[in-house]
Amino acid sequence: MIAFDHIHKRYGSTVAIHDLSLTVEPGETLALVGPNGAGKTTLIRMLLGLVRPSAGSARVGGHDVQRDGIAARSQIGYLPQRAVLYANLTVGENLGFLGQLRGVASARVADTIALLRLGELANRPVRELSGGTLQRLGLAQALLADPPVLVLDEPTISLDPLSVATFKTLLRQLRAAGKTVLLSSHILGDVQELADRVAILDHGRLIALDSVGGLARRCALPERIRVDLGAVDGGEATLARKAGAASAALQGSTLEITVAREHKLAVMRALLNSGAAVTDIQGQPPTLEDIFTQLISAEA
Ligand code: ATP
């Protein structure tokens with residue numbers, strides 16, 4: 001649905017995007033992550049036709065963004081970091097006006113207001129809205145014409161935890177409805193929950209592209225495991241290390257272990273067979289933050 005083909009962008013001597021190719025399939029949510037200046041915004045702006053690539057191409061629904069810009073853009077709903085809104089018009093007026101500009105039926109405008117739970121705010125002027133509500137209105141704008149592709153730039157950055165949860169539910173519904181989503185975010189916890197695949201950019205280069213699970217396997221990061229003990233005899237940490245744990249330390253009556261995936265079962269077996277008074281085991285697989293930190297520091 002989205003295809004970047006050997007796309008390259010140079011600003012003077014700065015290479016913002018280096019010969020990058022990737023596709024986002026229908027119904028897939030792909031997240032762009034990377035440190036400041038990695039090239040995420042440049043890539044999104046090339047997809048939207050706002051920045052001309054120095055080489056290569058971007059296509060949306062088969063339409064080349066440069067050669068067939070109107071058709072390509074008609075497939076995209078875009079949520080910018082700051083939505084462009086008329087401050088003195090109400091929520092309903094903003095959406096109604098945009099709907100008229102885009103030739104959207106008034107029933108669809110009403111449906112979008114309901115979908116984003118903006119009904120109670122329909123008569124409020126936009127200048128009175130909180131940051132989170134503005135974000136919701138921005139998403140309503142992006143969804144108004146019911147486009148197959150959504151491009152979301154830092155969609156959760158100004159949302160409170162409840163609004164983030166609502167946003168995530170909505171995004172899952174949109175994915176289930178077959179929307180193709182490209183999102184850019186620094187909030188790796190949200191990305192981990194929402195993205196089918198993650199593209200990690202650094203200095204304009206695509207350094208990794210996979211599901212979070214796939215990235216974790218590739219990085220071979222150890223898992224963190226907490227073992228609660230009903231009684232401590234002091235030898236548990238040594239036992240865990242001997243059985244293959246990368247590290248093991250007692251914190252009160254909890255044994256904190258880091259262990260490579262392939263040694264995990266051997267360590268657990270050794271503890272249980274030793275007669276240690278294990279009352280609970282909680283595993284925490286590597287987070288996207290762990291993966292990101294490892295990959296980016298390896299590139300530095
Ligand atoms: P952030 O996370 O900080 O938003 P980003 O990943 O979106 O960063 P870009 O804004 O795409 O990164 O920037 C990529 C590189 O291109 C940076 O080195 C930036 O300074 C440079 N750059 C971006 N826009 C321009 C421009 N209009 N002129 C010159 N250089 C630019």
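What counts and how
- Residues numbered from 1 in each chain as written.
- Predicted model: local features only at pLDDT ≥ 70, side-chain atom pairs only at ≥ 80, totals over all residues.
- Heavy atoms only, no water.
- Helix = DSSP H or I, 4+ residues; strand = E, 2+ residues; numbered from the N terminus.
- Buried < 20%, exposed > 50% of the residue type's maximum accessible area, 1.4 Å probe, protein only.
- Contact = heavy atoms within 4.5 Å.
- Areas by Shrake-Rupley, 256 points an atom, 1.4 Å probe, with all protein chains shown as cover.
- Lys, Arg positive; Asp, Glu negative; His and termini not counted.
- Charge placed at Lys NZ, Arg CZ, Asp CG, Glu CD.
- Domains from an automatic or database assignment.
- Buried area = accessible area lost by both parts, 1.4 Å probe.
- 1 Å grid on protein atoms, 1.4 Å probe; cavity = no way out; pocket = protein on both sides within 12 Å on 5 of 7 lines; lining within 4 Å.
- Points joined across faces, edges and corners; volume = space filled by probe spheres on them.
- Nonpolar A, V, L, I, M, F, W, Y, C, P; charged D, E, K, R; others polar.
- Pairing = 2+ DSSP bridges.
- Axes fitted to C-alpha atoms, helices over the stretch in contact; angles between N-to-C directions.
- Near = heavy atom within 4 Å.
- Polar contact = N/O pair within 3.5 Å; in protein donor to acceptor, adjacent residues only side chain to side chain.
- Core = buried A, V, L, I, M, F, W, Y, C linked by side-chain atoms within 4.5 Å.

Let us now look at the overall build of the protein. Across its full length, the protein holds eleven helices and 14 strands. When its C-alpha atoms are laid out on the principal axes, the protein stretches across 75 × 50 × 30 Å. The proportion of buried residues among the 300 residues of the protein is 46%. Taking contacts inside the protein between residues at least 6 apart in sequence as the whole, the part at least 24 apart equals 68%. When the accessible area of the protein is evaluated, it comes to approximately 14400 Å², of which 51% is carbon and sulfur surface. Looking at charge distribution, the protein has the averaged site of its 30 positive side-chain charges lying 5 Å from that of its 29 negative ones.

What follows covers the domain arrangement of the protein. Looking at the assigned domains, one finds that the protein contains domain 1 (2-217) and domain 2 (222-299). One C-alpha centre belongs to domain 1, the other to domain 2, and the line joining them spans 39 Å. Here domain 1 packs against domain 2, burying approximately 1100 Å² in sum over the two surfaces, 82% of which is carbon and sulfur. Of all residues in domain 1, Leu188, Ile200 and Ile207 bury the most surface against domain 2, accounting for 40% of the area lost on that side.

To continue, consider the layout of surface pockets. Approximately 550 Å³ is the volume attributed to the largest pocket. Looking at the largest pocket, it is lined by 22 residues, and the ones nearest its centre are Ile76, Tyr78, Leu98, Arg102 and Gln141. Among the elements that line the lining of the largest pocket, the one with the most residues is helix H3 (residues 91-101), at four residues. The computed volume of the second largest pocket comes to approximately 230 Å³. Lining the second largest pocket we find 13 residues, and of these Ala216, Arg217, Glu223, Arg261 and Pro286 sit closest to its centre. With four residues, helix H8 (residues 212-219) is the largest single contributor of residues to the lining of the second largest pocket. Among the residues making up the lining of the second largest pocket, the classes are represented as seven nonpolar, two polar and four charged. Of the residues that make up the lining of the second largest pocket, three or more belong to each of domain 1 (2-217) and domain 2 (222-299).

The subject of this paragraph is the environment of Thr41. Secondary-structure assignment places Thr41 in helix H1 (residues 40-47). Residue Thr41 is classed as partly exposed on the basis of its relative accessible area of 41%. Thr41 sits 25 residues away from Ala16 along the chain, and the two C-alpha atoms are 9.4 Å apart.

If you walk across this open sheet you meet the four strands as S12-S13-S11-S14, and the pairing is antiparallel. If you trace the sheet from one side to the other, it starts and ends with strand S12 (247-251) and strand S14 (278-284), each paired once. For this sheet, the mean inter-axis angle between neighbouring strands, taken without regard to orientation, is 20 degrees. Relative to strand S13 (residues 254-259), strand S11 (residues 223-229) is paired through six bridges, and the arrangement is antiparallel. Bridged to Arg224 within S13 is Thr258. Sheet strands in contact with helix H10 (residues 264-273) are S11, S13 and S14, and its direction is about 150 degrees off that of S13.

The next subject is the site of the ligand. Inspection of the region around the ligand gives Tyr11, Thr14, Ala16, Pro35, Asn36, Gly37, Ala38, Gly39, Lys40, Thr41, Thr42 and His186 as its neighbouring residues. For the ligand, an oxygen atom lies 3.1 Å from a polar atom in the backbone of Ala38. In the environment of the ligand, an oxygen atom lies 2.8 Å from a nitrogen or oxygen atom belonging to the side chain of Lys40. Burial of the ligand by the protein chains amounts to 58% of its free accessible area of 630 Å². Listed by contribution, the elements that provide at least two residues to the shell around the ligand are strand S2 (14-24) and H1. The residue inventory of the shell around the ligand, partitioned by class, reads four nonpolar, seven polar and one charged.

This part takes up the nonpolar core. Of all hydrophobic cores here, the largest spans 49 residues; its most connected members are Leu118, Leu152, Val198 and Ile200. When residues no more than four places from it in sequence are discounted, the contact partners of Leu118 are Val91, Leu95, Ile113, Thr133, Arg136, Leu137 and Ala140. Counting residues in each nonpolar core, the second largest holds 26 residues, with Leu32, Leu43, Met46 and Leu47 among its members.

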